[in-house]
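What follows is each chain in one-letter form.
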Amino acid sequence: MMLTHRNKALFYTILLSGSVSSAYAASIGNKSGYFTNTISNTVESTITNTGQCSTSNSASTPGQCTNKIINALNAASAVSGVVVIKKGTYTLNKISMPSNVRLEIEPDTILKMNQNILFDFGKKGGNADKAENIEITTTGPKTNATKNDRFIIDVNTNTVFQDKRMVRVGYAENFSISRMHQKDNFSQTPNIFLVADDNGQPGVQSDSGGTNLNRNVVFNSSYSRIPKKGYLADISGEKIATGYAVIQPFSGEDLYFKNITGERGITVRIEPGSGLVTDRLNRAGPRHGAYRNIVLDSISNTGGFAAIFLKPHAKINENIKIKGITKGKNSTFVIWADSGSAPVWADTNDIGYTRGYFTDTTINGTVKHIVTDVNFKSDITIAGSYFLPRKGIRNTASNTSNGNFQIFKLPRDGSGARWLGQPIAPVAIVSSYSQDNVGNDLVKRHDHPSLTVNGNIEAPSQASSQDLDEGSNNIQRKRYRKFGGRYSIKINAVIQADTDIDYSLLGLNVGDVTRNNSIIYRENAIDGTNRNGGSIINASEFISK
């Protein structure tokens, strides 16, 4: 068709501006209460696998292609527009995502990491402006697509257990990440990492010290600069390390995770920080950086430790909902819920920094444990090894002279940092002693033995409206914090145990699909060990761990 003078002018204007409304540009859509799309469908820039961003050039000089993408994102941000990356293989440095932009990446595009972080927003040592209205997804329709219609992030290393974070989200609100596959290699950090934009200072801002329960402690509020209102959907990962996850929020409010799958390791890990003595987040008190209003919808795992991992450390976490079909195929567990770690802090005589807990936490929908090979070597942790059946892989790791279990004799997992066990049960609620007993005060689950509070202390109601912080004026509530870490999880789900596993080895019924007989608690622990193989710890002693 011959172009008129007017059409020529319009044609060249489009070429120069780079802006065009595209039929394939589209958001994953709104998720009420979690994410609202504010970006137009106007494509402001298109990055192709040519020139500076060709496969060979980006591999040799990744900074040039990275800067081209960053410049395009900044320009699109000014008009709330879209940047498209066309199919190809790109090697990239860290990309700092601006607010008010959507990045759409064609399916099967491979983004190779040249640094330890690829996409980063809202994280700047406590000084970041709040990142808002950001989406990373694929091009094309977001419904009725196959699981292969995703872009790929490749950690780009043959060495296992490296520090690789594909996406890091800090002080951010209203964001979405979807349609991604993670080509990991057992990294020692979560692939999608949601974390406070803290100032790097200790969690305690001021503390008069001493043993006075009524003393005032001021916590570092920068640990409340956390991700809020996020929707993460249709994300898969392979070669996930057992101590980490496809996704792990250290902190977050109003977060919805849907259709997240992982091969090996853990799929979604709801654990704030590490719980170690160096953990500043958990020194910042029970509220700063805690979880509130988290939904885990249709989470699955193959061959790993668990699809969902819950551990509160020192935080009081509110309103955690598990729904849809939660599935583990040849995984050790499907859902694992543990008590938090609260070590004696090395630098202070703290009395308040004890184990936290989850309130209003419910497992709904269906939990499926599918085992195609009862001898499959699934990932396991030290705590999980307490529940290994007496028959099976446990026998291969026993001291031949006294029969004691020695975990170091188990084969190592892909990362080399954890171990391989075998499928055990659909759900492990090891935060509770049994179905009807979360534990008793004799356990004294506190972090500083010299500061024990005596007496029969009833736990106050764990309604989210009640303040159980150390700062409360109610002395009973202060004292209860000394016995934190025990919490009940309401189970409404249909639990489908695998008929091929002899759950009777754990005191469960073979093939029993009822709710009560497919869940194990601390009382089901057979025996334990220290890392070097020591003496047997019986089940009654395990409840104090």
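Please refer to the structure higher up on the page.
What comes next is a walk through the structure. (Residues numbered from 1 in each chain as written. Predicted model: local features only at pLDDT ≥ 70, side-chain atom pairs only at ≥ 80, totals over all residues. Heavy atoms only, no water.)

## What about the pairing of strand E22 (residues 316-323)?
Sheet topology places strand E20 (residues 291-302) next to E22; five bridges connect them, and they run parallel. Following the sheet pairing, Asp-297 is matched in E22 by Lys-323. The pairing of E22 with strand E25 (residues 357-363) spans six bridges and is parallel. From the neighbouring strand, Ile-320 faces E25, where its bridge partner is Thr-361. (Pairing = 2+ DSSP bridges. Helix = DSSP H or I, 4+ residues; strand = E, 2+ residues; numbered from the N terminus.)

## Some words on the nonpolar core
Membership of the largest hydrophobic core comes to 70 residues, with the highest contact counts inside it found for Met-97, Phe-119 and Leu-296. Of all the elements, helix H3 (residues 62-77) adds the most residues to this core, at six residues. In contact with Leu-296, not counting residues within four places along its chain, are Phe-257, Val-268, Ile-270, Ile-308, Ile-320, Lys-321, Ile-322 and Lys-323. In terms of nonpolar packing, the next biggest core, distinct from the first, is built from 23 residues, Phe-309, Phe-333, Phe-405 and Ala-425 among them. (Core = buried A, V, L, I, M, F, W, Y, C linked by side-chain atoms within 4.5 Å. Buried < 20%, exposed > 50% of the residue type's maximum accessible area, 1.4 Å probe, protein only. Contact = heavy atoms within 4.5 Å.)

## A closer look at the environment of Val-169
Within the secondary structure, Val-169 is located in strand E11 (residues 165-169). Judged by relative accessible area, Val-169 falls into the buried class, the value being 0%. The sequence separation of Val-169 and Lys-123 amounts to 46 residues, and the corresponding C-alpha distance is 6.7 Å. Among all residues touching Val-169, those that are not within four sequence positions of it are Phe-121, Phe-175, Ile-177, Phe-193, Leu-194, Val-195 and Pro-227.

Everything listed here is a matter of coordinates, which is why it stays silent on function.
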